[in-house]
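Analysis of the macromolecular model
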Amino acid sequence: MSSELLALARTIAVEAGELAARRRREGVEVAATKSTIVDVVTEADREVERLIRGRILDARPNDAILGEEGGSSSGTSGLTWVVDPIDGTVNYLYGIPHYAVSIAVVEGDPDPLTWTGLHGCVLNPAVGELFSGSQGEGAFLSVAGGPDVPIHAAAPAPLELALINTGFAYAAATRAKQGEVAARLLPMVRDIRRFGTASLDLCMVANGRTNAYFERTLSPWDHAAGAIIAREAGAVVKGFGDAAPSRDFILAAEPELAALLEPVLIELGSRFEL
Ligand code: IPD
């Protein structure tokens, strides 16, 4: 059953990714704004989520679904599919080939503070990279439909040699504070990246393209699948202290660096009230 669920998630992600890429080639426009004027949704986000929901319900009618554009639908199986049809919508809008279809299967209440992540896949259709992982079974990358190759987080690195990716909220006041933290951190590390797609940020830690990633204000669908993949690749993925990752905070890094970086981020003012 375990591998069947991941296989289903991957099949759905590939079909959804083909649709997203086709709509991107045809041209994309903003359909509406959400939390702020810079938090946008395109018609493609909605259409891709409808496709994903339909495929899940056909195959798994008793499972719940939590999706970015369509909200939540309940189920009776105890499993929830957590779906971001197009993560990195702003990249998608601008034609930057760094966006993702992100699909996870979790067990328990649909709350990242308490759920158990079982399976995750994150596909960047623009470059054909499909990351996936299942609890206890490792993390893999398949390029352009090729074989699944195991991936691993980077070896331990001192803070001054760490390449760190992060992201910023859509709310201007929150962003201003995040920018201050980034400015204080920058002289202490190798460099900072802002790629614009949280699910792929986590996959970058999972295959050692960056040493650590942190962000605040993410939604569950932004991190559900990527967190499973990064963990299975040997990274720690956590919130502040003993908490699980959530809107409050997510940090993903190889364990030694995670232990170094978290107190530094707190010291630099990262734990401001949201
Ligand atoms: C956003 C991206 C971005 C992150 C934002 C997310 P969306 O998701 O993942 O990298 O910084 O917090 O909301 O809006 O493109 O699905």
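Up top you'll find the structure we're talking about.
As a starting point, this report considers the structure included with it. The numbering scheme is per chain: residues are counted from 1 as the chain's sequence reads. The predicted nature of this model means local features are confined to residues of pLDDT at least 70 and side-chain atom pairs, given and counted, to a pLDDT of 80 or more, with totals for whole chains, interfaces and linings taken over all residues. Here the side-chain values reflect all heavy atoms present in the structure, with hydrogen atoms and water set aside.

**Comments concerning the environment of Thr36**
Under the convention used in this document: Under the scheme used here, helices are H or I runs from DSSP no shorter than 4 residues and strands are E runs no shorter than 2 residues, and both carry numbers assigned from the N terminus. The buried label goes to any residue with under 20% of its type's maximum accessible area, the exposed label to any with over 50%, and the partly exposed label to all in between, with areas taken from a 1.4 Å probe on protein chains only. Residue contacts follow a heavy-atom distance rule, with two residues in contact if any of their heavy atoms lie within 4.5 Å.
In this fold, Thr36 is placed in the loop between strand 1 (30-33) and strand 2 (40-42). A residue is classified by how much of its surface remains accessible, and Thr36, at 23% relative accessible area, is partly exposed. Taking C-alpha positions, Thr36 is 26 Å from Ala104, a pair spaced 68 residues apart along the chain. If sequence neighbours within four positions are ignored, Thr36 has contacts with Tyr170 and Ala171.

**What to know about helix 7 (residues 255-267)**
Applicable threshold: A helix's residues, less one, multiplied by 1.5 Å, set its expected span. Within 3.5 Å is the distance limit for a polar contact, defined as a pair of N or O atoms, with the added protein rule that one can donate a hydrogen and the other accept it, and that residues adjacent in sequence qualify only through two side-chain atoms.
Taking 1.5 Å per residue, 13 residues should reach 18 Å; helix 7 reaches 19 Å between its end C-alpha atoms and fits that length. What helix 7 keeps buried is the set Leu257, Ala258, Leu261, Glu262, Val264 and Leu265. Turning to helix 7, the residues buried within the fold contact strand 11 (163-166), helix 4 (172-185), strand 13 (212-215), strand 14 (236-238) and strand 15 (250-253). Two to three positions downstream of the cap, the backbone nitrogen of Glu256 sits 2.6 Å from a side-chain oxygen, assigning the N-cap of helix 7 to Glu254. Of the residues flanking the end of helix 7, it is Gly269, one or two places downstream, whose phi is positive at about 100°.

**Here's the deal with a nonpolar patch on the surface**
Applicable threshold: To count toward a patch, a residue needs a relative accessible area over 30% and no salt bridge; like charges are then connected within 9 Å, while nonpolar side chains (Val, Leu, Ile, Met, Phe, Trp, Tyr) are connected within 5 Å. Per-residue and other accessible areas were derived by the Shrake-Rupley procedure at a 1.4 Å probe size, with only the shown protein chains allowed to occlude residues. The term salt bridge refers to a side-chain nitrogen of Lys or Arg lying within 4 Å of a carboxyl oxygen of Asp or Glu.
A contiguous nonpolar surface patch, about 600 Å² in accessible area, is contributed by Ile37, Val38, Val90, Tyr94, Ile96 and Tyr170. With respect to the secondary-structure elements, Ile37 resides in the loop between strand 1 and strand 2. Given the relative accessible area of 75%, Ile37 is considered exposed.

**Examining the site of the ligand**
Operational definition: Being near a molecule or strand, for a residue, comes down to having at least one heavy atom within 4 Å of it. Polarity classes work like this: nonpolar for Ala, Val, Leu, Ile, Met, Phe, Trp, Tyr, Cys and Pro, charged for Asp, Glu, Lys and Arg, and polar for all others, with Gly in that last group.
In the vicinity of the ligand there are 15 residues, among which Asp87, Gly88, Thr89, Tyr170 and Glu215 approach most closely. Contact distances for the ligand include 2.7 Å between an oxygen atom and a side-chain N or O atom of Asp87. Taking Arg194, its side chain carries an N or O atom lying 3.0 Å from an oxygen atom of the ligand. If the ligand stood free it would expose 380 Å²; the protein chains cover 95% of that surface. Looking at which element gives the most residues to the shell around the ligand, the answer is strand 5 (residues 79-87), with three residues. In terms of residue class, the shell around the ligand is made up of five nonpolar, four polar and six charged.

**Quick notes on the sheet that holds strand 15**
As a reminder of what qualifies: Strands are treated as partners if at least two bridges between them are detected by DSSP. Interaxial angle, 0 to 180 degrees, is taken between N-to-C directions of lines fitted to C-alpha atoms, where a helix line uses only the stretch in contact.
Strand order across the open sheet formed by five strands is 12-11-13-15-14, with mixed pairing between neighbours. Only two strands of the sheet have a single neighbouring strand rather than two, namely strand 12 (191-193) and strand 14. Pairwise comparison of adjacent strand axes, ignoring direction, gives a mean angle of 15° for this sheet. Inspection of the sheet shows strand 11 paired to strand 13 by three bridges, in the parallel sense. In the strand pairing of strand 13, Thr166 is matched with Phe214. Packing against the sheet, helix 7 makes contact with strand 11, strand 13, strand 14 and strand 15, and its axis sits at approximately 145° to strand 15.

**A look at the packing of aromatic side chains**
Centre distance and the angle of the planes are the two values used to describe a pair of aromatic rings. Operational definition: When two rings of Phe, Tyr or Trp (its six-membered ring) have centres within 6.5 Å they constitute a pair, described as stacked for plane angles under 30 degrees, edge-to-face for angles over 60, and tilted for the intermediate range. Should the NZ of a Lys or the CZ of an Arg lie within 6 Å of a ring centre and within 35 degrees of the ring normal, that charge is described as sitting over the ring.
Scanning the entire structure with this criterion turns up two aromatic pairs. Above the ring of Phe272, the side-chain terminus of Arg216 is found at 4.9 Å from the ring centroid.

**A few points about the sheet that holds strand 8 (residues 129-134)**
In space, the eight strands of this open sheet follow the order 4-3-5-6-7-8-9-10, with mixed pairing throughout. The two strands at the open ends of the sheet, each matched to only one other strand, are strand 4 (71-73) and strand 10 (149-150). In terms of strand pairing, strand 3 (residues 64-67) meets strand 5 through four bridges, oriented parallel. Each bridged residue has a counterpart across the sheet, and for Ala64 the counterpart in strand 5 is Thr80. Where helix 2 (residues 43-59) meets the sheet, it contacts strand 3, strand 4, strand 5 and strand 6 (100-107), and its direction lies at approximately 155° from that of strand 5. Its contacts with the sheet put helix 6 (residues 220-232) on strand 3, strand 5, strand 6, strand 7 (116-124), strand 8 and strand 9 (139-143), and the angle it makes with strand 7 is roughly 100°.

**A look at the side chain of Arg10**
By the secondary structure assignment, Arg10 is in helix 1 (residues 2-26). Taking relative accessible area as the criterion, Arg10 reaches 17% and is therefore assigned buried. Aside from chain neighbours lying at most four places away, what touches Arg10 is Cys121, Leu130, Ser132, Ser142 and Asp148.

**Thoughts on helix 5 (residues 198-206)**
The buried fraction of helix 5 is high, at nine of nine residues. Along helix 5, the residues that are buried comprise Ala198, Ser199, Leu200, Asp201, Leu202, Cys203, Met204, Val205 and Ala206.

Take it as geometry only, folks, not as evidence of what the structure does.
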